[in-house]
Amino acid sequence: MDLLTDKTASMSFFPGFRRLDVTVDDVRFAGVIGGNGAPLLLLHGYPQTHIAWRKIAHDLARSWTLIIPDLPGYGASQVGTTKPRWTKQRVARSLTALMQHLGYQKFAVVGHDRGARAGFRLALDYPDLVTAFSSLAVVPVLDAMSAVDHQFAARNFHWFFLSQPAGLPEKLLAAAPDAFIEHSLATMANGLENIEPQALAIYREAFRNPKVRHAICEDYRAAMNEDMDLDRIDRTSGKKLLCPVQVLWPTSDPRNTARTQIEIWSQWANDVTGMTIHAGHLLPEESPQAVIAALRSFLPIRV
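Quick summary incoming for the structure in this document. Being a predicted model, the structure only gives us computed values, none of them experimental.

### Section: the packing of helix α9 (residues 177-188) against helix α10 (residues 197-207)
Where α9 meets α10, the closest approach of the two axes is 9 Å, and the angle between their N-to-C directions is 130°. Between α9 and α10, the angle is such that the two are oblique. Handedness of the crossing formed by α9 with α10: right-handed. Residues P177, D178, F180, I181, E182 and L185 of α9 touch α10, and the partners they reach there are L200, Y203, R204 and F207.

Structure representation (structure tokens):
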């Protein structure tokens, strides 16, 4: 299965949607679009692709127009140049270009994992565009790294491995890409059996592409360097999100209650609500109905 085949295979998860294939700001975006209503941008996380939203898209499409791309460099979204590095700020700029190219001047954003950090930067840097922002399972990288201890490092070793200087992680990943992504997904989903074989095949195939693996490494390198530096600058200056913010957090991490997440996000926004979702890290895949209910109670129906 090559990238073109992957684009075709992913459509089976989104009946009634149309394929997204748009080139803007040095990215050829792949993914899907579908639904009716106000625009809603859904951003997946590591080590996934846009099909991470397959279990909630059909329901949400009854009330919103869903734009569901692969993040730049992930899946089948190909980037033209890798320098300068694809920081969350650069990703946010490209996503803004995508939405404006599609004719959407205002839209809501829901992000999971890496997608939530890109969505955070998008909402922070383009406050006139984002009407609401929901973060699934993560906090901004500055806050995440400030709370690191040996238990976090052991569970999330990939943060520190993937962010090593270019060359070594890529070479090691090339030796056993399936083993690495399967370990990551099994840890996040509380068992690989919790991801259906068809979806796992697409995740696995995307990760076999050396360009995708390099893009993922660059994503983590950016997080540990430019992204964290920019967060620190914005925290010091008092820059805040102007839109309403929702936090959804899994029960699988006992150190991080919903209250803790709301406290952290309240340093970045004045209007923050949230709740715990009974799931592991992959909220939209493990507890889709709970995520749907939470999003429906939060997202604006109209722009």
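Once you've had a look at it, read on.
### Some thoughts on the packing of aromatic side chains
The tally for this structure, following the rule as stated, stands at 10 aromatic pairs. Centroid distance Y46 to Y220: 5.4 Å. Interplanar angle 85°. Geometry classified as edge-to-face. Of the two residues, Y46 is situated in the loop between β3 (38-43) and α2 (57-60) and Y220 in helix α11 (residues 210-237); the sequence distance between them amounts to 174 residues. For the pair Y46 and Y220, one class covers both residues: buried. With a centroid separation of 5.0 Å and 75° between ring planes, the pair formed by F120 and W268 is classed as edge-to-face. Within this pair, whereas F120 is found in helix α4 (residues 114-125), its partner W268 is found in the loop between α12 (258-265) and β9 (272-277), the two being separated by 148 residues in sequence. Every member of this aromatic cluster is reached through a ring pair, and the members are Y46, F152, W159 and Y220. The aromatic ring of F13 is capped on one face by R54, whose charged end is 5.7 Å from the ring centroid. In this arrangement the basic side chain of R114 is found over the ring face of Y220, its NZ or CZ atom lying 3.8 Å from the centre.

### Let's talk about the pattern of salt bridges
Under the defined criterion, the tally for this structure stands at 25 salt bridges. Here D125 ties to K239 by a salt bridge, and the two come within 3.2 Å at their closest N and O atoms. Here K239 lies in the loop between α11 and β8 (245-250) and D125 lies in helix α4, a separation of 114 residues in the sequence. Given the relative accessible area of 31%, K239 is considered partly exposed. In this structure, R235 and D143 form a salt bridge, with 2.9 Å as the shortest nitrogen-oxygen distance. Of this pair, R235 sits in helix α11 while D143 sits in helix α5 (residues 141-146); the two residues are 92 residues apart in sequence, bridging distant segments of the chain.

About the cut-offs
- Residues numbered from 1 in each chain as written.
- Predicted model: local features only at pLDDT ≥ 70, side-chain atom pairs only at ≥ 80, totals over all residues.
- Heavy atoms only, no water.
- Axes fitted to C-alpha atoms, helices over the stretch in contact; angles between N-to-C directions.
- Helix = DSSP H or I, 4+ residues; strand = E, 2+ residues; numbered from the N terminus.
- Parallel < 35°, antiparallel > 145°, perpendicular 65-115°, else oblique.
- Left-handed = near helix turned anticlockwise from the far one by under 90°.
- Contact = heavy atoms within 4.5 Å.
- Phe/Tyr/Trp six-rings, centres within 6.5 Å; stacked < 30°, edge-to-face > 60°.
- Buried < 20%, exposed > 50% of the residue type's maximum accessible area, 1.4 Å probe, protein only.
- Lys NZ or Arg CZ within 6 Å of the ring centre and 35° of its normal.
- Salt bridge = Lys/Arg side-chain N within 4 Å of Asp/Glu carboxyl O.

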